[in-house]
Amino acid sequence: MKPLITSVHIILFINLGFIFAAHAESDSGFTVVGGVAINFKNSSFDVGGKKLDPGFITLDMSGALAYDKYYIAFNYDPTLKDHLELDTDSNGGGGQENTYLNMSRLDYSTVIGMNVWETVNIFAGLKFGETAVNSFSDVRLIEDARFQEANQEFYFREQGPFVGASYAYKYKNKGSLSLSLAYARMAGEIELKSLAQRTSFDGTTTGLSYGLEWSGPLTANMIYRLGYKTHRYRFKQDELTAAEIAAGEEDLSSDVIFNMLYLGVSNFF
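Being a predicted model, the structure only gives us computed values, none of them experimental. Along each chain, the written sequence defines residue order, and numbers are assigned to residues from 1. In view of the model being predicted, local features appear only for residues whose pLDDT reaches at least 70, and side-chain atom pairs are presented and counted only at 80 or more, with totals across whole chains, interfaces and linings using the full set of residues. The side-chain values count all of the structure's non-hydrogen atoms but skip hydrogen atoms and water molecules.

S.K.: For this particular structure, what's the right way to read the overall build of the protein?
M.R.: The numbering of helices and of strands both runs from the N terminus, where a helix is a DSSP run of H or I of at least 4 residues and a strand a run of E of at least 2. Secondary structure summary: the protein contains 1 helix and 16 strands in total. Per-residue accessibility, obtained with a 1.4 Å probe over protein chains only, is compared with the maximum for each type, and a residue is labelled buried under 20%, exposed over 50%, and partly exposed between these values. Counting only residues that meet the buried cut, the protein has 45% of its 269 residues in that class. Total accessible area computed for the protein in this model is approximately 13500 Å², and 59% of it derives from carbon and sulfur atoms. All accessible-area figures derive from a Shrake-Rupley calculation using a 1.4 Å probe, and residue coverage is judged against the displayed protein chains alone.

S.K.: Sorry if this is basic, but what is going on with a negative patch on the surface here?
M.R.: Here a patch means residues that are over 30% exposed by relative accessible area and free of salt bridges, tied together within 9 Å if like-charged and within 5 Å if nonpolar (Val, Leu, Ile, Met, Phe, Trp, Tyr). We define a salt bridge as a side-chain nitrogen of Lys or Arg found within 4 Å of a carboxyl oxygen belonging to Asp or Glu. Counting rule for charge: Lys and Arg are taken as positive, Asp and Glu as negative, and neither His nor the chain ends is counted. For charged residues, the charge sits on one atom: NZ in Lys, CZ in Arg, CG in Asp, CD in Glu. A cluster of acidic residues, Asp202, Asp238, Glu239, Glu250 and Asp251, forms a negative patch at the surface. Residue placement: aspartate 251 occurs in the loop between helix 1 (242–246) and strand 16 (254–268).

S.K.: How should the packing of aromatic side chains be read in this particular structure?
M.R.: When two rings of Phe, Tyr or Trp (its six-membered ring) have centres within 6.5 Å they constitute a pair, described as stacked for plane angles under 30 degrees, edge-to-face for angles over 60, and tilted for the intermediate range. In the structure shown here, the tally under the stated rule is 5 aromatic pairs. Taking the centre distance of 4.7 Å and the plane angle of 35° together, the rings of phenylalanine 30 and tyrosine 67 count as tilted. Of this pair, phenylalanine 30 sits in strand 3 (residues 30–47) while tyrosine 67 sits in strand 5 (residues 55–67); the two residues are 37 residues apart in sequence, bridging distant segments of the chain. We classify phenylalanine 30 as exposed; its relative accessible area is 56%. Taken together, the ring pairs in this structure connect Tyr76, Tyr108 and Phe128 into an aromatic cluster. Remark: a charge is flagged as sitting over a ring if the NZ atom of Lys or the CZ atom of Arg is within 6 Å of the ring centre and within 35 degrees of the ring normal. In this structure, lysine 229 is placed above the aromatic ring of tyrosine 262, and the distance from its NZ or CZ to the ring centre is 4.2 Å.

S.K.: Sorry if this is basic, but what is going on with the nonpolar core here?
M.R.: Nonpolar side chains in soluble globular proteins generally cluster together in the buried interior. Core analysis: the biggest nonpolar cluster contains 30 residues, and Phe45, Leu52, Met103, Phe123, Val133, Phe156 and Val256 have the highest contact counts within it. The contact criterion used throughout is that any non-hydrogen atoms of two residues lie within 4.5 Å. If sequence neighbours within four positions are ignored, phenylalanine 156 has contacts with Phe45, Asp46, Val47, Arg105, Gly129, Glu130, Thr131, Val133, Glu189 and Ile190. Among buried residues, the Ala, Val, Leu, Ile, Met, Phe, Trp, Tyr and Cys ones that are joined through side-chain atoms within 4.5 Å form a nonpolar core.

S.K.: I would appreciate a short explanation of the pattern of salt bridges in the present structure.
M.R.: When their charged atoms lie close together, side chains carrying opposite charge are able to pair. Taken as a whole, this structure holds 11 salt bridges when the rule is applied. Ionic pairing is found between lysine 51 and aspartate 53, a salt bridge with its closest N-O pair at 3.9 Å.

S.K.: How do you make sense of the pairing of strand 5 when you look at a structure like this?
M.R.: Paired strands, in this sense, are two strands between which DSSP finds at least two bridges. Bridge count for strand 3 against strand 5 is 13 bridges, and the pairing is antiparallel. Each bridged residue has a counterpart across the sheet, and for valine 32 the counterpart in strand 5 is leucine 65. Both strand 5 and strand 6 (residues 70–81) contribute to a ladder of 9 bridges, which runs antiparallel. When the sheet's bridge partners are listed, glycine 63 is paired in strand 6 with phenylalanine 74. Counting the residues between successive antiparallel strands, the hairpin from strand 5 to strand 6 contains 2 residues, one of them, aspartate 68, with a positive phi of roughly 55°.

S.K.: Teacher, can you tell me more about a nonpolar patch on the surface here?
M.R.: Taken together, the side chains of Phe30, Val32, Leu65, Tyr67, Ile72, Ile112 and Phe269 present a nonpolar region at the surface, about 720 Å² in accessible area. Of all elements in the fold, only strand 3 and strand 5 reach the threshold of two or more residues within the nonpolar patch. With respect to the helices, strands and loops of the structure, leucine 65 is situated in strand 5. Among the residues examined, leucine 65 registers a relative accessible area of 36% and is labelled partly exposed.

S.K.: How should I be thinking about the environment of arginine 232 in this particular structure?
M.R.: Turning to its location among the elements, arginine 232 is positioned in strand 15 (residues 222–237). The class of arginine 232 is partly exposed, set by a relative accessible area of 37%. Once the C-alpha coordinates of arginine 232 and serine 209 are considered, the two residues, 23 residues apart in sequence, prove to be 6.2 Å apart. Side-chain atoms alone can form a polar contact between residues adjacent in sequence; in general such a contact is a pair of N or O atoms within 3.5 Å, and within protein one must be able to donate a hydrogen while the other accepts it. Looking at arginine 232, its side chain comes within polar contact range of the side chain of threonine 230, at 2.4 Å.

S.K.: Where do I start with unusual backbone geometry in this structure?
M.R.: In most cases, non-glycine residues show a negative phi, while peptide bonds are predominantly trans. At aspartate 68, a residue that is not glycine, the phi angle is positive and equals roughly 55°. Even without being a glycine, lysine 172 presents a positive backbone phi close to 50°.

S.K.: Please clarify how the pairing of strand 13 (residues 175–193) should be interpreted in this entry.
M.R.: Looking down a regular strand, the side chains alternate between one sheet face and the other. Bridging between strand 12 (residues 152–171) and strand 13 involves 17 bridges; their strand directions are antiparallel. Within strand 13, the residue paired with tyrosine 169 across the bridge is leucine 177. Between the end of strand 12 and the start of strand 13, which pair antiparallel, lie 3 residues, with lysine 172 showing a positive phi angle near 50°. Alignment of strand 13 against strand 14 (residues 198–217), held across 18 bridges, turns out to be antiparallel. Of the residues in strand 14, the one forming a bridge with alanine 184 is glycine 207. The turn joining strand 13 and strand 14, which pair antiparallel and follow one another in sequence, is formed by 4 residues.

S.K.: Looking at this structure, how should I read the environment of leucine 59?
M.R.: By secondary structure assignment, the location of leucine 59 is in strand 5. In sequence terms leucine 59 and asparagine 39 are 20 residues apart; their C-alpha atoms lie 6.3 Å from each other. Leaving out residues up to four positions away in the same chain, leucine 59 has contacts with Val36, Ala37, Ile38, Tyr76, Asp77, Pro78 and Leu80.

So, to be careful, I would describe these as geometric facts and stop short of saying anything about function.
This is the structure in structure tokens:
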């Protein structure tokens, strides 16, 4: 790689997501960065008063294009290993006992940013995240005067903009320590599906994301990345109408938390 003249520190938050970090070094012109990381992701949220704490293993694939002090980056982060658990809790009538829950997570995002001073950067972007919960049970319920299987699907989604800033401290030639902070204000949705009906609840998902990463050189064009990131969001459901309250609908507002430990590599082209 050419001698260092400029250094662009790229940080991408992806949400309910995630941070993509790389150091692009070049004399002039464009720098292309590709990266991949394994995420160990724990989540916590409520649905209908029931607390769920799934853990996922995901593959975060990222890319970026940097020029001068500007950059654009993207990432795609699907689940490699779903979370499976047996729910033995009763819903009051006992109909949901011995239900298997299979949960997965998908995140992707796009961000643009710029270097504003030395190793300080600002960025803004759009992100999408979805947690899918499939429940499987051999219990039968009576609904709408007919029998049906008590199998259901739940989807928790957030989509919208975020803004943030990052700072990197370079420690000699050994590596860099990066700190980042972002705020997201997104549209939120909870969708419930069964054989009998489909119901969705809209709202707003807001909150902060924090990131801490250490990166260091592996080769002339490749670095390793080890980091921790956390999202602290709140899904606030829109106010229920009088008809929804009369029909027994519940307010599904909930905290949505993600804690992620990741290890990855990035290569510069």
